[in-house]
Amino acid sequence: MNSEQAARISLLENFRTAPCALNFINLFFGELWKEDSFPFENLIAKAAEDSRAGAELLCVELSEKESLASGRFREADLIADRILELHEEGVSYGAIAVLFQAMTEIGIYEQALKKRSIPYFALSGTGFYHQPEIRDLVSYLSFLENPLADIPLAASLRSPLFQVTDNTLFWLAQYAKREDENAPLYHGVKEFQRIPQITAAEKEKLFFFEHLAAELLEIKDRLKIAELVDLILAKTSYELTALAASQGVRRYANLKKLGNLARHLEGREPMTLGAFLRTLKRLEVQEVKETEAQVEAEQSGRVVRLSSIHRAKGLEFPVVFVADLGRTRRSSESTAAIAEAGRGYALCVRNEITLEWEKPRKWLQIYEAVSRKEREEWKRLFYVAMTRAKQKLILSGVYKEKKEEKDSFYEMSSWMDWVIKLSSHACFENVSIHKGGKAGPGKPKAVLAEREEIREIIFTPSPIPSPPLGARGSFFPSPLGRGKGEGELSSAKDEAEKIWARITDSSSRTFRD
């Protein structure tokens, strides 16, 4: 079909959302998207009218010195009280969903529901043991425990630890299993120099892998598990690879958490590498069973659902709370290394005269492109959240009066800023607004909130969301070339080390109090 034959088909009919709520959504996003280069098209309501439908806003105003974490406690209480009111009006708990941009502070909202005996389940994202950086490290530890097992070896070679290509894996397997299909893949790795189809660059990676494996296999039984993990990270520079990736500090923290878990387990009794891997498998299974139990609770239809917006895509609920609107947008990390598909990657460079890190033109171009995509996606995510509601849409969040108003929605730091900016617009004409007011006198909750955040970081799995399929990768061309990136990324690693030290130091002081 050529361009003359092509036709644009608009899918604007909405059979989900009641007209009253959909009218609010149309007016709100019509204003929000005015500053963008593409026009916003209103959805056409096809659902039946419902007298119970509409939109509401729950506001919690922060006092001058009150933290966002403290305000979340009062917001959670407002949400829980409103859920009770809806239930008393005849709305079943199973008809209500509370959606979040991120699930990291969900414990605060869970506590508010528990206090009021409201049944709920929270379906979080992928667990800690399924995070890419954790699986990469566990695969390599599994290889060291049994070098003749093909799957851990192949996963290790293909991971960002060693970055061997699929073609190389194919030729290694072909060579190893040419006479016996049950022969281990490791035989091919040990004979890689004899395989002419493997390129010189790939042979460098295999040379690095083989020498490191020989060293670690010789000493692994004499080291503690935590020491072995630290040595692997140091030899492969995987910490730097993690830091260079999107959400690098969180990936780095996950690697540190695995090391801390090993120290904790070894502190109770001596442990072999095999026993440690079996323990991790048991913890992973336990994590899955907890999720399955939550799904079973959901299917009963008698519980409030707490979910991320991403998990709610394609779903619909009679009553939707879009909570924690005061959460600050996570902007593109200003790291020493930055990359984008189709544009390559760029590194900050150090000025030999001023000794300051400078951002080349290509770095700035990639950073701006990445930031623009993130800002556009942020608006689309809010749209997805609002359009999950069938009858009643309830927005909820904390806010603090701004000394200086921003003109562009892109310059604003939270969804709540957008809501407050448009609260005087015609779209809010029929919206019920409930204000929680500022915190009263007395001891603030900020300290408690900070303690809860520390406990969340240290003692419970707090992984980052899994990246989209095909988004994984490393910015280092080969293991032997890692030194080229270490200088540029040393400042990022130092920053991550300081964050980790501050967290662990704060937690120890907190638990002594």
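From a predicted model like this one, the values you see are computed outputs, not experimental measurements. (Residues numbered from 1 in each chain as written. Predicted model: local features only at pLDDT ≥ 70, side-chain atom pairs only at ≥ 80, totals over all residues. Heavy atoms only, no water.)

**Q** Sorry, what's going on with the overall build of the chain here?
**A** Looking only at helices and strands, the chain has 17 helices and 13 strands in total. Here the chain holds 513 residues, and 47% of them are scored as buried. When contacts within the chain are restricted to residue pairs at least 6 apart in sequence, long-range pairs at least 24 apart make up 77% of them. For the chain, the exposed area adds up to about 27,000 Å²; of that, 51% sits on carbon and sulfur atoms. (Helix = DSSP H or I, 4+ residues; strand = E, 2+ residues; numbered from the N terminus. Buried < 20%, exposed > 50% of the residue type's maximum accessible area, 1.4 Å probe, protein only. Contact = heavy atoms within 4.5 Å. Areas by Shrake-Rupley, 256 points an atom, 1.4 Å probe, with all protein chains shown as cover.)

**Q** Whenever I open this one, the sheet that holds strand β5 (residues 120-123) confuses me. Can you help?
**A** What links the strands of a sheet is backbone hydrogen bonding, and the strands pair in either a parallel or an antiparallel sense. Taken together, the seven strands give an open sheet; going across it, the order is β5-β6-β4-β7-β12-β3-β13, and neighbouring strands pair in parallel fashion. Looking at strand neighbours, the two that pair on one side only are β5 and β13 (432-435), the edges of this open sheet. Each strand axis lies, on average, 20° off the axis of its neighbour in the sheet, ignoring direction. Sheet strands in contact with helix α1 (residues 19-32) are β3 (54-61) and β12 (389-399), and its direction is about 45° off that of β12. Set on the sheet, helix α15 (residues 415-422) makes contact with β3, β7 (317-322) and β12; between it and β12 the angle comes to about 100°. (Pairing = 2+ DSSP bridges. Axes fitted to C-alpha atoms, helices over the stretch in contact; angles between N-to-C directions.)

**Q** Got a minute to help me understand the packing of aromatic side chains in this structure?
**A** Both the distance between ring centres and the angle between the ring planes are used here to describe each pair of aromatic rings. Within the structure shown, the criterion is met by 23 aromatic pairs. Consider the rings of F29 and F382, whose centres lie 5.9 Å apart with planes at 65°: the pair is edge-to-face. Of the two residues, F29 sits in helix α1 while F382 sits in helix α14 (residues 361-386), which places them 353 residues apart along the sequence. Residue F29 is classed as buried on the basis of its relative accessible area, which comes to 0%. Overall, the relative accessible area of 0% leaves F382 in the buried class. Put simply, the rings of F24, F28, F29, W33, W378, F382, Y383, W415, W418 and F428 touch in pairs and so form one group of aromatic residues. One residue, R178, lies across the ring of Y175, its end atom 4.0 Å from the ring centre. (Phe/Tyr/Trp six-rings, centres within 6.5 Å; stacked < 30°, edge-to-face > 60°. Lys NZ or Arg CZ within 6 Å of the ring centre and 35° of its normal.)

**Q** Quick question: what am I supposed to make of helix α3 (residues 106-115) here?
**A** Each α-helix winds once per 3.6 residues, and so residues spaced three or four apart point in a common direction. Among the residues making up α3, those that are buried are I106, I108, Y109, E110, A112 and L113. In this structure, the buried side of α3 is in contact with α2 (68-88), β4 (96-100), β5 and β6 (304-308).

**Q** What am I meant to see in the packing of α14 against α15 here?
**A** Here α14 crosses α15 at 70°, and the two axes come no closer than 11 Å. Between α14 and α15, the angle is such that the two are roughly perpendicular. For the pair formed by α14 and α15, the contact residues are W378, K379, L381 and F382 on the first element and W415, W418 and V419 on the second. A breakdown of the residues in the contact of α14 with α15 according to their chemical character gives six nonpolar, no polar and one charged. (Parallel < 35°, antiparallel > 145°, perpendicular 65-115°, else oblique. Nonpolar A, V, L, I, M, F, W, Y, C, P; charged D, E, K, R; others polar.)

**Q** What's the story with unusual backbone geometry in this structure? I'm lost.
**A** Of note, Q163 is a non-glycine position whose phi angle comes to about 60°, a positive value. Here Q163 lies in the loop between α5 (150-158) and α6 (166-176). The phi angle at L355 is positive, at roughly 65°, despite the residue not being glycine. Checked against the element boundaries, L355 lands in the loop between β10 (349-350) and β11 (357-358).

**Q** Just to check I follow, could you spell out the pattern of salt bridges for this structure?
**A** If the charged atoms of two oppositely charged side chains come close together, the side chains can form a pair. Per the counting criterion, the structure on display carries 25 salt bridges. Between D81 and R116 there is a salt bridge whose closest N-O contact spans 2.7 Å. Here D81, found in helix α2, pairs with R116, found in the loop between α3 and β5; they are 35 residues apart in sequence, far enough to count as distant. Note that E368 is salt-bridged to R375, the shortest N-O span being 3.4 Å. Look at the salt bridges and you will find they share partners, linking E56, R82, E85, E89 and K392 into a network. (Salt bridge = Lys/Arg side-chain N within 4 Å of Asp/Glu carboxyl O.)

**Q** Looking at this structure, how should I read the nonpolar core?
**A** Side chains of nonpolar character tend, in soluble globular proteins, to be buried together. By size, the foremost hydrophobic cluster in this structure holds 48 residues, and its most contacted members are Y140, L157, L172, F209 and F276. Those residues within four positions of L157 in sequence are excluded, and the remaining contacts are F162, Q163, V164, L169, L172, V189, L206 and F209. Of all hydrophobic cores here, the second largest spans 40 residues; its members include L99, V320, Y399 and M412. (Core = buried A, V, L, I, M, F, W, Y, C linked by side-chain atoms within 4.5 Å.)

**Q** Sorry, what's going on with the side chain of E266 here?
**A** Mapped onto the elements, E266 comes out in helix α11 (residues 248-268). Here E266 sits buried without a salt bridge, and the closest side chain of opposite charge, K224, lies 6.3 Å off (N-O distance). Apart from the residues lying within four places of it in its own chain, the contact partners of E266 are K224, I225, A226 and M271. (Lys, Arg positive; Asp, Glu negative; His and termini not counted.)

**Q** What's the story with the packing of α1 against α14 in this structure? I'm lost.
**A** One can describe the packing of α1 onto α14 by two numbers: an axis separation of 11 Å at closest approach and a directional angle of 175°. Here α1 is positioned roughly antiparallel relative to α14, judged by the angle of their axes. Across from F24, I25, F28, F29 and L32 in α1, the residues of α14 making contact are K379, F382, Y383 and M386. For the contact of α1 with α14, the class distribution of residues is eight nonpolar, no polar and one charged.

**Q** I tried to follow the environment of T279 on my own but got confused; where do I start?
**A** Within the secondary structure, T279 is located in helix α12 (residues 273-299). Its relative accessible area of 9% is what places T279 among the buried residues. Considered as a pair, T279 and L265 are 14 residues apart in the sequence and their alpha carbons are 9.1 Å apart. Ignoring sequence-local partners within four residues, the contact set of T279 consists of L265 and M271.

**Q** Before we go on, may I ask you to explain helix α4 (residues 132-145) in this structure?
**A** Taking 1.5 Å of rise per residue, the 14 residues of α4 would be expected to cover 20 Å, and the 20 Å separating its terminal C-alpha atoms lies within 8% of that figure. Most of α4 is tucked away: ten of the 14 residues are buried. Looking at α4, one finds that the buried residues are P132, E133, I134, D136, L137, S139, Y140, L141, F143 and L144. (Expected span 1.5 Å × (residues − 1).)

**Q** Mind showing me how you'd approach the confidence of the model for the chain here?
**A** A low pLDDT means the predicted coordinates there should not be read in detail. Taken residue by residue, the chain gives an average pLDDT of 79. The fraction at 70 or more is 77%. The low-confidence segment residues 441-486, where pLDDT is below 50, has 90 contacts with residues more than four positions distant or belonging to other chains. (pLDDT = per-residue confidence, 0-100.)

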